[in-house]
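One letter stands for each residue in the lines below.
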Amino acid sequence: MEIKRVSEWKNQMEPVLSSKVDELKQMGYSRTSQEEVWKCLVKKVWKGDPQKRLHQIVEDILHLGSTIYLSYLTVEAYQDDDLLASIAALTENDDWNENG
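Notes on the structure follow. (Residues numbered from 1 in each chain as written. Predicted model: local features only at pLDDT ≥ 70, side-chain atom pairs only at ≥ 80, totals over all residues. Heavy atoms only, no water.)

### Some points on helix 4 (residues 54-62)
Turning to step 1, where the next piece is worked out: Here helix 4 has its buried residues at Ile 57, Asp 60 and Ile 61. One face of helix 4 carries all of its buried residues, which in axial projection span an arc of 100 degrees.
Turning to step 2, where the next piece is worked out: On its buried face, helix 4 is in contact with helix 1 (6-9), helix 2 (14-26), helix 3 (34-45) and strand 2 (51-53). (Buried < 20%, exposed > 50% of the residue type's maximum accessible area, 1.4 Å probe, protein only. Helix = DSSP H or I, 4+ residues; strand = E, 2+ residues; numbered from the N terminus. Arc of directions from axis to C-beta. Contact = heavy atoms within 4.5 Å.)

Structure representation (structure tokens):
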């Protein structure tokens, strides 16, 4: 059995990712996409780009639980909020400096 980095298997995983997206959408995650599921696996399950066999990648995708996916979405949302807050703070400081 061939071993590759998970990123090398990504193109072949489209049908499996599609199936997982359908499952998550049925559970109420209406904005789920194949890319979001893949990013979740990279960050939460694989923690990078390890080497795996094809069947291991398929298994990881199909066994991705909603709690892990929800945890990923929550962290991503907080990071986005922090980024937006940081940008707003910098913008406010720029306005103050220009007017002050």
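### Quick notes on the pattern of salt bridges
Turning to step 1, where the next piece is worked out: According to the stated counting rule, one finds four salt bridges in the structure shown.
Turning to step 2, where the next piece is worked out: Between Lys 52 and Asp 60 there is a salt bridge; the shortest N-O distance is 3.1 Å.
Turning to step 3, where the next piece is worked out: Asp 60 sits in the buried class, given a relative accessible area of 17%. (Salt bridge = Lys/Arg side-chain N within 4 Å of Asp/Glu carboxyl O.)

### Digging into the packing of helix 2 against helix 4
Turning to step 1, where the next piece is worked out: Between helix 2 and helix 4, the shortest axis-to-axis distance is 9 Å and the interhelical angle comes to 10 degrees. Comparing the axis directions of helix 2 and helix 4 gives the class roughly parallel. Seen from above, helix 2 lies across helix 4 with right-handed handedness. Of the residues in helix 4, those touching helix 2 at Val 16, Leu 17, Ser 19 and Lys 20 are Val 58, Ile 61 and Leu 62.
Turning to step 2, where the next piece is worked out: Among the residues forming the contact of helix 2 with helix 4, the class breakdown is five nonpolar, one polar and one charged. (Axes fitted to C-alpha atoms, helices over the stretch in contact; angles between N-to-C directions. Parallel < 35°, antiparallel > 145°, perpendicular 65-115°, else oblique. Left-handed = near helix turned anticlockwise from the far one by under 90°. Nonpolar A, V, L, I, M, F, W, Y, C, P; charged D, E, K, R; others polar.)

### A look at the environment of Val 45
Turning to step 1, where the next piece is worked out: In this structure, Val 45 sits in helix 3.
Turning to step 2, where the next piece is worked out: For Val 45, a relative accessible area of 31% translates into the label partly exposed.
Turning to step 3, where the next piece is worked out: Spatially, the C-alpha atoms of Val 45 and Ile 61 are 9.3 Å apart, while their sequence positions differ by 16 residues.
Turning to step 4, where the next piece is worked out: Apart from the residues lying within four places of it in its own chain, the contact partners of Val 45 are Cys 40, Asp 60, Leu 64 and Ile 68.

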